[in-house]
Amino acid sequence: RERVQNAAAVPGTHEEINAGRRLIDKSETGIGADAHFAPDYQIGLELGWGGLLEKVRAARRRFAGDPVADELLEAEETAILGVQTWIRRLGEAAADRSLTEEDAERRQNLVDMAKTCFAIVSDPPRRLREVVQWIACFNMASRTYNRDGAGGQLDELLRPYYEADKAAGILTDEDAEFQVFCLLLNDPHYYQIGGPAADGHDQTSRMSYIILEAAAKLKSSCNLTIRVFDGMDRGLYRRGVEILLANRLGYPRFSGDKALVEGFMKNGYSAELARSRIAVGCNWMSMPGIEYTLNDVVKINIVKVFEEAFKESDSLEELEKNYRKHFAAAVKVTAEGIDFHLDHQYLNEPELLLNLLSHGPIEKGKDVSHGGAMYYNMAIDGAGLAVVADSFGAIEERVVNEKCISFADLKAAVDADFAGADGERIRRMMSDSGRYGHGNTAADAWAIKLTEILNGEIAGKTTPNGFKLIPGWFTWADTLRFGKAVGATPNGRKAGEPISHGANPLPGFRKDGALTAMATAIASVQPGRGNTAPWQLEVDIGLANDPTAVDKLMALMDGHFALGGTLININVVDAEKILAAHKDPSKYPDLVVRVTGFTAYFNSLSPAFRELVVKRLIREKV
């Protein structure tokens, strides 16, 4: 925003700049955003805190005389020393507590906790328990610093230590499951299990199942993804679906390997690198330790783009032309904002913890946001797809084809927020038109065209400074905020109401709510460049009680992935319980729902966001 205050600072006309500024103020620029990339935990597990400290100190000697590098590396050294002091104090606290603990089992556990903490203060972890403790400590430190929540391929991280401890006869599967349980309880970081290794072989192991069973017993918020691909262990897939349906807590979720790998390769990457890009965020993928992105924090509210275009238009043809113009302006300013972020973020908030587990920042003496990473792939998500597709479709159907209302009268009704009896009549007429997701509607065709416009401005393009851009469809929790910034829309949505969620059709897109229709629609709007356009799927509790439910749900997901789907987040919905919890959340403190890409306790959500979730989950009952 600072950079575009002076139009001369940005290439383009004054009109383009002003249009972009209006739009970006109602979207999400990503400027100053933190931590939306994945660490490579293997670096820390191999070096330990002591090894990381020596690596940083060696770099300080190498970059002596470089003030930027020295300032960064001094901060890195201070951060490591602080973490080491904290872990040592954790060990001391556990040891002190053991002296007064009367229960023998608890006392021994406190002694073991102390030994584990002391063991990892400087040395690399050697046992599974030490590895789990190391990861937990890193997560807590990183989360405290800047809310980092990205995890990694957890089964492969833990497997070598599990196997070594088992071979040495010092670990049982029950102990391993409990240790993983504690890690998952510690913090709901995003972890992936299963999926292909870089060479394509299945990574599923006994450790994968242990992690899944630990998550099943957790009964708390958890973010675990199973990657579905040809040649995978279908038993892991099936067990994941069983847990999802039995616990009804919104996890695990499932990503589609075929479309993700093939899509990311279109950006110029090998199949090996594409397979290494794993699910470690709400909607996003990352190559751990080597890729810097702004996944899930750069969004263009296309409903605002549409609103600006609609104000200037007197026909459907003009509307499409103006939408394309304004969307291009929004992308232009967004790309400038990304460059501004990359120019200055190292001064605003260097990634002190995640730098340590990345390949490049310490070696180069540069923050990961400022030249330290190996690869830069900057995400730009569109938000509000269904609202805009339904609006275009309703205009084509009611104004152009059926001539039920003139474009001018529709503009007047929308501008008045459908006020009065006649306004309400127009609103109902427009909202009853064919919706995106119904199948073979004008809105369905517009949704595909909007994806083509998204890709045309973003896919294969770069920022002015040459950083690759990758498109996606995702809204996260911005459905409320983005909706408040936009007036009424021709699909019948009133001013200030939430925009649509991600790539999903709007609730009520067809009376039967056919899941196969939704699966087909969302698959049809995948941008296809390695970022996701997730399917947020709500399944009625009745299906969960069906003895064939597991097979049906697996078949549905297989079909969606075969069509090009990328990620499925699933809620198993008990309508009565959700409605009761909405009235009095305090009575349901353990109710967990999948909000978007993350799970959360229902009573921890704001009243406005609870209402939004309820309307999405229950639809006709609210």
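Here the structure is shown first, and the text comes after it.
Each chain has its residues counted from 1, running along the sequence as written. Only residues with pLDDT of at least 70 are given local features in this predicted model, and only at 80 or more are side-chain atom pairs given and counted; all residues enter the totals for whole chains, interfaces and linings. Side-chain numbers here rest on the full set of heavy atoms in the structure, without hydrogens or water.

Chemist: Looking at this structure, how should I read the environment of Leu 244?
Modeler: Assignment of secondary structure puts Leu 244 in helix α9 (residues 234-247). Sequence spacing of Leu 244 and Asp 574 is 330 residues, and the spatial spacing of their C-alpha atoms is 13 Å. Residues contacting Leu 244, with those up to four places away along its chain left out, are Leu 249, Gly 250, Tyr 251, Pro 252, Phe 254, Leu 553, Ile 570 and Val 572. Each helix is a run of DSSP H or I of at least 4 residues and each strand a run of E of at least 2, with the numbering of both proceeding from the N terminus. Note on contacts: a residue pair qualifies if any of its non-hydrogen atoms lie within 4.5 Å across the two residues.

Chemist: Even after reading the chapter, I still don't get the packing of helix α12 (residues 302-311) against helix α15 (residues 385-401), so can you show me in this structure?
Modeler: If you want to describe how two helices pack, look at the angle between their axes and the distance between the axes. Look at α12 against α15: their axes get within 8 Å of each other, and the N-to-C directions meet at 30°. Here α12 lies roughly parallel to α15, going by the angle between them. Together, Ile 302, Val 303, Phe 306 and Phe 310 of α12 and Leu 385, Val 387, Val 388, Ser 391, Phe 392 and Ile 395 of α15 make up the contact between the two elements. Each residue belonging to the contact of α12 with α15 can be placed in one class, and the counts come to 9 nonpolar, 1 polar and no charged. The axes are straight lines fitted to the C-alpha atoms, using for helices just the contacting stretch, and the angles between their N-to-C directions are given from 0 to 180°. These descriptions rest on fixed angle ranges, namely under 35 degrees for roughly parallel, over 145 for roughly antiparallel, 65 to 115 for roughly perpendicular, and the rest for oblique. Gly is placed with the polar residues, together with every amino acid not listed as nonpolar (Ala, Val, Leu, Ile, Met, Phe, Trp, Tyr, Cys and Pro) or charged (Asp, Glu, Lys and Arg).

Chemist: How do you make sense of the pattern of salt bridges when you look at a structure like this?
Modeler: Pairing between side chains of opposite charge can happen when the charged atoms of each approach one another. The term salt bridge refers to a pairing of a side-chain nitrogen on Lys or Arg with a carboxyl oxygen on Asp or Glu at a separation within 4 Å. Applying the stated criterion across every chain, the model contains 36 salt bridges. The shortest N-O distance in the salt bridge between Glu 312 and Lys 325 comes to 3.1 Å. Taken together, the residues span a long stretch of sequence, with Glu 312 in the loop between α12 and α13 (316-348) and Lys 325 in helix α13 at a distance of 13 residues. For each residue, the accessible area found with a 1.4 Å probe, counting protein chains only, is set against the maximum for its type, and the residue is called buried under 20%, exposed over 50%, and partly exposed in between. Note on Glu 312: relative accessible area 36%, which makes it partly exposed. Residues joined in a network through salt bridges with shared partners are Glu 54, Arg 57, Arg 60, Asp 70 and Glu 77.

Chemist: How should the environment of Ala 514 be read in this particular structure?
Modeler: The topology assignment puts Ala 514 in the loop between α19 (478-484) and α20 (515-524). On a C-alpha basis, the gap between Ala 514 and Met 430 in space is 22 Å, while along the polypeptide they are 84 residues apart.

Chemist: In this structure, what is going on with the sheet that holds strand β3 (residues 223-228)? I would like to understand it.
Modeler: Pairing between sheet strands relies on hydrogen bonds along the backbone, with the strands arranged either parallel or antiparallel. Ordered in space as β1-β2-β3-β4-β12-β11, the 6 strands form an open sheet in which the pairing is mixed. The open sheet terminates on both sides in strands that have one partner only, identified here as β1 (150-153) and β11 (535-540). The mean inter-strand angle of the sheet, taken between neighbouring strand axes irrespective of direction, is 25°. At least two bridges found by DSSP between two strands is the condition for calling them paired. With 2 bridges joining them, β1 and strand β2 (residues 190-194) adopt parallel strand pairing.

Chemist: What is the right way to read the packing of aromatic side chains from this model?
Modeler: Between two aromatic rings, the relevant description is the distance of the centres plus the angle of the planes. Under the pairing criterion, centres of Phe, Tyr and Trp rings, with the six-membered ring standing for Trp, must be within 6.5 Å; the plane angle then separates stacked pairs below 30 degrees from edge-to-face pairs above 60, leaving the rest tilted. Tallied over the full model, the rule gives 17 aromatic pairs. Taking 5.8 Å as the distance between ring centres and 75° as the angle between the ring planes, the aromatic pair formed by Tyr 41 and Phe 138 counts as edge-to-face. Here Tyr 41 is found in helix α2 (residues 41-62), whereas its partner Phe 138 is found in helix α5 (residues 128-146), with 97 residues between them in sequence. Aromatic pair Phe 392 and Trp 446: ring centres 4.1 Å apart, planes at 10°, arrangement stacked. Taken as a pair, Phe 392 in helix α15 and Trp 446 in helix α18 (residues 442-458) lie far apart in primary sequence, 54 residues in all.

Chemist: Just to check I follow, could you spell out unusual backbone geometry for this structure?
Modeler: Leaving glycine aside, a negative phi is the common case for residues, and trans is the common case for peptide bonds. In the segment running from Tyr 251 into Pro 252, the intervening peptide bond is cis, with an omega of 0°. On the secondary structure map, Pro 252 appears in the loop between α9 and β4 (253-256). Of note in the backbone geometry, Arg 147 takes a positive phi value of approximately 60° without being a glycine. As for its position among the elements, Arg 147 is in the loop between α5 and β1. For Asn 440, which is not a glycine, the phi torsion comes out positive at approximately 60°. Its place among the elements puts Asn 440 in the loop between α17 (420-431) and α18.

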